Amino acid sequence: MASRPDFPAKGAYFDGETAKSHTVSVTGQGEYLSITPLDPPGKPFFWRLDRIRAQAGARKDTRGPLVLTLRADTDDEQPRDPARLVLQPGPVADWVRASAPALGARDLRPGTWGRVIWRTTAALGAVAAIVFVILPRLSDTLAERLPIEREVAFGQLVVANMEQYLGGADGTLACNDPAGLAALARLEQRLTTGQNLRYDLHLQVFDHPMINAFAAPGGQLVILRGLLDGAGSPAEVAGVLAHEIGHVEARDPTRLAFRAVGSAGILSLLLGDATGGALIAVMGDQVLSASYTREAEAAADAFAYRLLNDTGIGTAGLADFFESLDGKGIDLPEYLSTHPDTAGRAVSARAADGAAHDAVLSDDDWAALQGICG
Amino acid sequence: MTMEAQPQVARGNYAAPDSGVFGLALRTGVLSLITLGIYRFWAKTRLRRYFWANTRLGPDGFEYTGTGLEKFLGFLVAVVVLAVYLAVVQLVLFQFGLYFVFQPRTQAEILMQLAVIYASLFALAPLLFFAQYRSRRYKLARTRFRGIRFGMEKAAGGYVLRGIGLLIATILTAGLLWPLMTYKLEAWMTNRSWYGDTRFAQGGKWTAMYGPYKHVLIGLAVLIGGGGIAAFSGAGSLVPLIIVVGYLWLLVGYFSYYVQGFAYLTRNKQLGGDITFQANPKTSTVLGRVILGYLFIAIVAGVVFAIVAAVFGGLVRAMILEGGEASLSALTAVGIVAAIGYLGFLTLLGAMIMAFITEPIIRHIVGTTALVNVPALDAIRQRVTDKGADAEGFADALDWGGAI
């Protein structure tokens, strides 16, 4: 502790009632700071050291003036007395810095933490209600009203963005081996002929090792090469595609995009994000790991079973695919990772009938399809 | 009487060492980053306390008494209101955007696209004006000088109405009425601002704002008139030169307007009828600070970025090549590291801008400002405390007004 100053220092005192600056004489006295008005001369008054607080933000070193106030039960933003005492650098200021035990205390009012918890809970609840209740309904309504040609244009944009997200400049990821493309077209024919689909499907393969396939709005279907490499037969690929077509026909990707846009706005609001980075991140992430609702997944599965039976492909391929992935635990297609119970789905896929009437693709076509990326 | 004769004029001075805010800005920025932005309310508070405490008029310093906690609580309220508003507005605009924004094919579609973009900005305008007024009111309510509070009346509604009206007038006249907007909005706020029990008043005339505004107009005239004349007279090769000159003039003119407009408005403010202000900032000094500051920051940022990119790029290549096939988890990890690196880089940039541009400009503006008739301050009495309403929650949620 610095030794008590031998002589008083001059200071500026603001009484908190007027803006007039009063010259005062200040010195230490026991557990108190003694303050004596000089203009006009008056009786000294005392500030107890343990109640003295320093103005925050001023320089912490000893070169700047020390601005002091008192802890007091006022209505102010902090419980502080409105009066201020300004000491220039010197022995008295040093003594106060060394002797006042709580210069930097925050002095939270009782009940502050309760208020923080209550308001945080209320705000999170309200935002959750918007994100999980209001936005989904609103985005469903809006998605339903979107004309198909707009949906297709939007889907092309999403696919182009996904291509960049996966690491290729525009147009460089799409695989284009002619024989492979022809096989892909035959696979598409096989799946869609006579099915009266709402959308003209546009099917492509991206040269990417991830085992995945995704549907973008407006009938855009993308298979990643990893899925072709990992599949044991064309029926497995057809099964996955049938499921994705189910999503497309139910407009799930469009719904999801609308939802993502709304949530991204809220997310960037919460994070104070000025760069718009959250928007990009959420959009990319949502398309890749699309977490459709449980009902939407079940509906897409049901659609797939129907489609696979109607086209004579049979559901066995899809069941094989579920089984081959069950237990691997990594790099699952989106609808598997959101619903880890792949064994259960394999069983239900088998139960949904199964027997294949015709081959999905000839052996030559299947080989060509697997080599589509060259 | 022992009273010493008070000087008549109190000159402003900014007492912090050069770029002294850098450490504080960087520390608080990093804390904001690792708390997912929650600390930003305390960061803003600490920065303001620093700037306020170092701003002096004569011997007396300012004090910022706002707290991070009240800002956080105000933000929570604002979030609920804005979440509803933004989610709905954004969805509806996205819906319209789908019709026009993607791949506009015809002239009409391009026009519609512009309209949608302006509409989306305009949908926020009322909230931005609201936040702007609330933010000024909160800042004043949390500012003290000589122990006396500043304050502002509750008049955000009138401000929003005038703001929108004046903004429309400014847009319709292609910016010709911008000085009217600046003057009227500042006057609306000034005439409702108080120091203790004493009211501020905005004097001067809005037409006088055309003095500071003239370089913006000249820049516009060069762009439109010069370009038109050059194109019609067949001297088409001059057009690029005219565009460059016009844009530069416009940019410098904007700074000039920003600095000298502020100076004019400050010189014509009064406090209680007998206290006046001087303000003589130099546009060249402010502009020089901005240019030199950005140059310096660009060099530092470039060096940092090059080093990080080299190290990181090598790392990614090694991961992908060694793994044979890049797995989803590896890709995700790389993405997360890149995102954190990017945000850290932005934090460093923010701290440098604060220390090498914002702080020098504040130093210059404060140093060229003065209060005239100091003895009249003695009669000014305290005012009651203002709860501060949302404590800038709306302004923060809308990202209005930057870090300080």
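All values reported here derive from a predicted model rather than from experimental measurement.

## What about the overall build of chain A?
Then, in step 1: Scanning chain A from N- to C-terminus turns up 13 helices and 10 strands.
Then, in step 2: Across the 374 residues in chain A, those meeting the buried criterion constitute 51%.
Then, in step 3: Expressed as a percentage of contacts within chain A between residues at least 6 apart in sequence, the contacts between residues at least 24 apart total 61%.
Then, in step 4: With the model as given, the accessible surface of chain A reaches about 16500 Å², and the carbon-plus-sulfur share is 56%.

## Examining the packing of helix α6 (residues 234-249) of chain A against helix α9 (residues 294-310) of chain A
All names here are of chain A.
Then, in step 1: The N-to-C vectors of α6 and α9 enclose an angle of 125 degrees; their axes lie 8 Å apart at closest approach. Looking at the two axes, α6 sits oblique to α9. The hand of the α6/α9 crossing is right-handed. The segment α6 lies against α9, with A238, G239, A242, H243, I245, G246, H247 and E249 engaging A296, E297, A300, D301, F303, A304, L307 and L308.
Then, in step 2: Within the contact of α6 with α9, the residues separate by chemical class into nine nonpolar, four polar and three charged.

## Examining the sheet that holds strand β9 (residues 213-216) of chain A
Residues and elements named next belong to chain A.
Then, in step 1: Spatially, the three strands line up as an open sheet ordered β8-β10-β9, and their pairing is mixed. Each edge of the open sheet carries a strand with a single partner, namely β8 (202-206) and β9. When strand polarity is set aside, the average angle formed by the axes of neighbouring strands in this sheet is 20 degrees.
Then, in step 2: Here β9 pairs with strand β10 (residues 220-224) via four bridges, running antiparallel. Paired with A216 across the two strands is Q220, which belongs to β10.

## Brief notes about helix α13 (residues 363-370) of chain A
All names here are of chain A.
Then, in step 1: For α13, the complete set of buried residues consists of D365, W366, A368 and L369. In an axial view of α13, the angular spread of the buried residues amounts to 160 degrees, which keeps them on one side of the axis. Of the exposed residues in α13, the ones pointing more than 90 degrees away from its buried face are D363 and D364.
Then, in step 2: Elements that come into contact with the buried residues of α13 comprise α4 (178-192), α5 (225-230) and α6.

## Looking at the pattern of salt bridges
Any two side chains of opposite charge can pair if their charged atoms end up close together.
Then, in step 1: Applying the stated rule across the entire model yields 23 salt bridges over all chains.
Then, in step 2: Among the salt bridges present, the one from A:R53 reaches A:D107, with a minimum N-O distance of 2.7 Å. Of this pair, A:R53 sits in strand β5 (residues 52-54) while A:D107 is found in the loop between α1 (91-99) and α2 (112-145), placing the two residues 54 residues apart along the sequence. Each of the two residues, A:R53 as well as A:D107, counts as buried.
Then, in step 3: Residue A:D365 pairs with A:R186 through a salt bridge whose shortest N-O separation is 2.6 Å. In this pair, A:D365 sits in helix α13 while A:R186 sits in helix α4, placing the two residues 179 residues apart along the sequence.
Then, in step 4: Among the residues examined, A:D365 registers a relative accessible area of 11% and is labelled buried.
Then, in step 5: Ionic contacts of the salt-bridge type, sharing partners, join the residues A:D76, A:E77, B:E70, B:R142, B:R144 and B:R149 into one network.

## Topic: α9(A)
Then, in step 1: End to end, α9(A) covers 24 Å across 17 residues, agreeing with the expected 24 Å (1.5 Å per residue, within 8%).
Then, in step 2: Just past α9(A), the residue A:G312 takes up positive phi, approximately 75 degrees.

## Considering unusual backbone geometry
Then, in step 1: Between A:D39 and A:P40 the backbone carries a cis peptide bond, its omega angle lying at -5 degrees.
Then, in step 2: Within the element layout of this structure, A:P40 appears in the loop between β3 (32-37) and β4 (45-48).
Then, in step 3: If you check the backbone angles, B:S19 has positive phi at about 50 degrees while not being a glycine.
Then, in step 4: Mapped onto the elements, B:S19 comes out in the loop between β1 (9-14) and α1 (22-34).
Then, in step 5: One non-glycine residue, B:L36, adopts positive backbone phi at about 55 degrees.
Then, in step 6: Looking at the element boundaries, B:L36 is found in the loop between α1 and α2 (40-54).
Then, in step 7: Given a relative accessible area of 63%, B:L36 falls into the exposed group.

## Here's the deal with the pairing of strand β9 (residues 275-279) of chain B
Residue and element names in this part refer to chain B.
Then, in step 1: Taking every second residue as pointing to the same face, the buried face of β9 carries I275, F277 and A279, while none of T276 and Q278 on the other face is buried.
Then, in step 2: Relative to strand β10 (residues 369-372), β9 runs antiparallel, the two being bridged by four bridges. Across the sheet, residue A279 finds its bridge partner in β10, namely T369.

## Details of the environment of B:D386
Residue and element names in this part refer to chain B.
Then, in step 1: Relative to the helices and strands, D386 is located in the loop between β10 and α11 (393-397).
Then, in step 2: Residue D386 is classed as buried on the basis of its relative accessible area, which comes to 17%.
Then, in step 3: Sequence separation of D386 and A141 is 245 residues, and the distance between their C-alpha atoms is 6.0 Å.

## Remarks on the environment of B:E392
Residues and elements named next belong to chain B.
Then, in step 1: Mapping E392 onto the fold places it in the loop between β10 and α11.
Then, in step 2: E392 gets classed as buried once you look at its relative accessible area, which sits at 3%.
Then, in step 3: Put simply, E392 and K71 are 321 residues apart on the chain and 6.3 Å apart in space, counted from C-alpha to C-alpha.
Then, in step 4: Beyond its immediate chain neighbours, meaning those up to four positions away, E392 contacts K44, R48, K71, S135, Y138 and K139.

## Regarding the confidence of the model for chain A
Residue and element names in this part refer to chain A.
Then, in step 1: Considering every residue of chain A, the mean pLDDT works out to 79; 81% of them sit at 70 or more.
Then, in step 2: Here helix α11 (residues 334-338) stands out as the element of chain A with the lowest mean pLDDT, 44, in contrast to strand β7 (residues 84-87), whose mean of 94 is the highest.
Then, in step 3: In the predicted structure, residues 274-278 sits below a pLDDT of 50 and forms six contacts with residues beyond four places in sequence or in another chain.
Then, in step 4: The model gives residues 329-340 a pLDDT under 50, and that stretch makes 38 contacts with residues more than four places away or in other chains.

## Considering the pairing of β7(A)
Residues and elements named next belong to chain A.
Then, in step 1: Along β7, one buried face is formed by R84 and V86 and the opposite face, lined by L85 and L87, is buried too.
Then, in step 2: Pairing of strand β1 (residues 9-14) with β7, which is carried by four bridges, proceeds in the antiparallel orientation. Pairing of G11 across the sheet is with L87, part of β7.
Then, in step 3: Summarising the sheet, strand β6 (residues 66-70) and β7 pair through three bridges and their orientation is antiparallel. Among the inter-strand pairings, L68 is bridged to a residue of β7, identified as L85.

## Thoughts on the side chain of A:T27
Then, in step 1: Relative to the assigned elements, A:T27 resides in strand β2 (residues 22-29).
Then, in step 2: Sequence-distant contacts of A:T27, defined by excluding residues within four places in its chain, comprise A:P5, A:F7, A:P8, A:Y32, A:L33 and A:S34.

Procedures and definitions
- Residues numbered from 1 in each chain as written.
- Chains lettered and ligands numbered in written order.
- Predicted model: local features only at pLDDT ≥ 70, side-chain atom pairs only at ≥ 80, totals over all residues.
- Heavy atoms only, no water.
- Helix = DSSP H or I, 4+ residues; strand = E, 2+ residues; numbered from the N terminus.
- Buried < 20%, exposed > 50% of the residue type's maximum accessible area, 1.4 Å probe, protein only.
- Contact = heavy atoms within 4.5 Å.
- Areas by Shrake-Rupley, 256 points an atom, 1.4 Å probe, with all protein chains shown as cover.
- Axes fitted to C-alpha atoms, helices over the stretch in contact; angles between N-to-C directions.
- Parallel < 35°, antiparallel > 145°, perpendicular 65-115°, else oblique.
- Left-handed = near helix turned anticlockwise from the far one by under 90°.
- Nonpolar A, V, L, I, M, F, W, Y, C, P; charged D, E, K, R; others polar.
- Pairing = 2+ DSSP bridges.
- Arc of directions from axis to C-beta.
- Salt bridge = Lys/Arg side-chain N within 4 Å of Asp/Glu carboxyl O.
- Expected span 1.5 Å × (residues − 1).
- pLDDT = per-residue confidence, 0-100.

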